[in-house]
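Spelled out, the chains give:
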Amino acid sequence: MSTHTPEKCSILIVDDIEANLVALEALLGPLHQDLVRAHSGEEALKAMLRQEFAVVLLDVLMPGMDGFETAANIKRLDQTKDVPIILLTGTEVETDYAYRGYSVGAADFLTKPFDPWLLRTKICVFLDLFRKNRQLAAQAEQLRHLFAEARSATSLKDRTEPAESTAAERHEARTPSPPGATARTEERLAEIGEQLAQIELLLRETSGFEAVTLADRVAELERAVGGLRLGPE
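A.B. asks: Can you walk me through the overall build of the chain in this structure?
C.D. replies: A count of helical and extended segments in the chain gives 8 helices and 5 strands. Shown N-terminal to C-terminal, the secondary structure of the chain runs as helices and strands in the order β-α-β-α-β-α-β-α-β-α-α-α-α. Across the chain, contacts joining residues at least 24 apart in sequence account for 67% of those joining residues at least 6 apart. On the chain, roughly 14,000 Å² of surface is accessible, and the fraction owed to carbon and sulfur atoms is 53%.

If you want it as structure tokens, here you go:
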């Protein structure tokens, strides 16, 4: 019996203390994901501009650019703004730390020492969301290509009609399209429209980071497909 191996994701861990990075790597090792280190906020930003991450574990208390400032900078960049951030801090924290963390866009806030099971469980939720969003994005892109193909086929058919289209229409179009061509095009458009509707529904029900934007794009494609199927009156 074959089993499906989930896509391996990258996790960014940010802490200025080497021992803390080693401890986080040990805690996250059982997840079997790609772990990338950063020793400062500046290093974290550079790493996120080089590659895609499913989640960031970010220490709050760092010299120079602290965790709050780093998180705020991450959320300001279009390339990184949708990456979930889990802020980490020690036991002695200010009362407003959690509020400050959420106000800069952090998805969660954890205090050291961490419960290994709880930390891995939270990260697994973000890994699953990352994989699902990538899958949905790929499906939406595939459907966009299918729609473009169908639209191109319809345009080609229109361009190959007789030049005297007005006279032909008045005389009931004496030169008909090849048998079944229109039916096949309509069937293809109907199939694409149904697929788009299913993907849009999945996106609307998903609380992912790009789901709403993708759902809007899919809805636009659905309307365009519907327009092609209806054609001119």
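A.B. asks: What am I meant to see in unusual backbone geometry here?
C.D. replies: Across the chain, the bulk of peptide bonds are trans and the bulk of non-glycine residues have phi less than zero. For the peptide bond that leads from Lys112 to Pro113, omega is -5 degrees, which places it in the cis range. With respect to the secondary-structure elements, Pro113 resides in the loop between β5 (108–111) and α5 (116–159). For His32, which is not glycine, the phi torsion reads 55 degrees and is therefore positive. Locating His32 in the fold gives a position in the loop between α1 (18–28) and β2 (34–38).

A.B. asks: How should the pattern of salt bridges be read in this particular structure?
C.D. replies: A side chain of one charge can pair with a side chain of the opposite charge if their charged atoms are brought near each other. Counting across every chain of the model gives 8 salt bridges. One salt bridge connects Arg134 with Glu52, and the closest N-O pair in it is separated by 3.8 Å. Here Arg134 is found in helix α5, whereas its partner Glu52 is found in the loop between α2 (41–50) and β3 (55–59), with 82 residues between them in sequence. The exposure class of Arg134 is partly exposed, given its relative accessible area of 41%. With a closest N to O distance of 3.7 Å, Asp78 and Lys81 form a salt bridge. Here the salt bridges share partners, and the residues they tie into one network are Asp15, Asp59 and Lys112.

A.B. asks: Honestly, the pairing of β5 in this entry has me stumped. Any pointers?
C.D. replies: Within a regular beta strand, the side chains point alternately toward one face of the sheet and then the other, so they alternate between its two faces. Across 4 bridges, strand β4 (residues 85–89) lies against β5 in parallel orientation. Across the sheet, Thr89 pairs through a bridge with Thr111, a residue of β5. Handedness of the β-α-β unit built from β4, helix α4 (residues 97–103) and β5 comes out right-handed.

A.B. asks: Before we go on, may I ask you to explain the packing of aromatic side chains in this structure?
C.D. replies: The relation between two aromatic rings is expressed through the spacing of the ring centres and the mutual angle of the planes. With the rule as written, the count across this model stands at 1 aromatic pair. Pairing Phe68 with Tyr97 gives two aromatic rings, centres 5.3 Å apart and planes at 75 degrees, and the pair type is edge-to-face. You can see Phe68 sitting in helix α3 (residues 67–76) and its partner Tyr97 sitting in helix α4, a full 29 residues away along the chain. The residues Phe68 and Tyr97 share a single accessibility class, namely buried.

Thresholds applied
- Residues numbered from 1 in each chain as written.
- Predicted model: local features only at pLDDT ≥ 70, side-chain atom pairs only at ≥ 80, totals over all residues.
- Heavy atoms only, no water.
- Helix = DSSP H or I, 4+ residues; strand = E, 2+ residues; numbered from the N terminus.
- Contact = heavy atoms within 4.5 Å.
- Areas by Shrake-Rupley, 256 points an atom, 1.4 Å probe, with all protein chains shown as cover.
- Salt bridge = Lys/Arg side-chain N within 4 Å of Asp/Glu carboxyl O.
- Buried < 20%, exposed > 50% of the residue type's maximum accessible area, 1.4 Å probe, protein only.
- Pairing = 2+ DSSP bridges.
- Right-handed = clockwise from strand over helix to strand, strands pointing away.
- Phe/Tyr/Trp six-rings, centres within 6.5 Å; stacked < 30°, edge-to-face > 60°.

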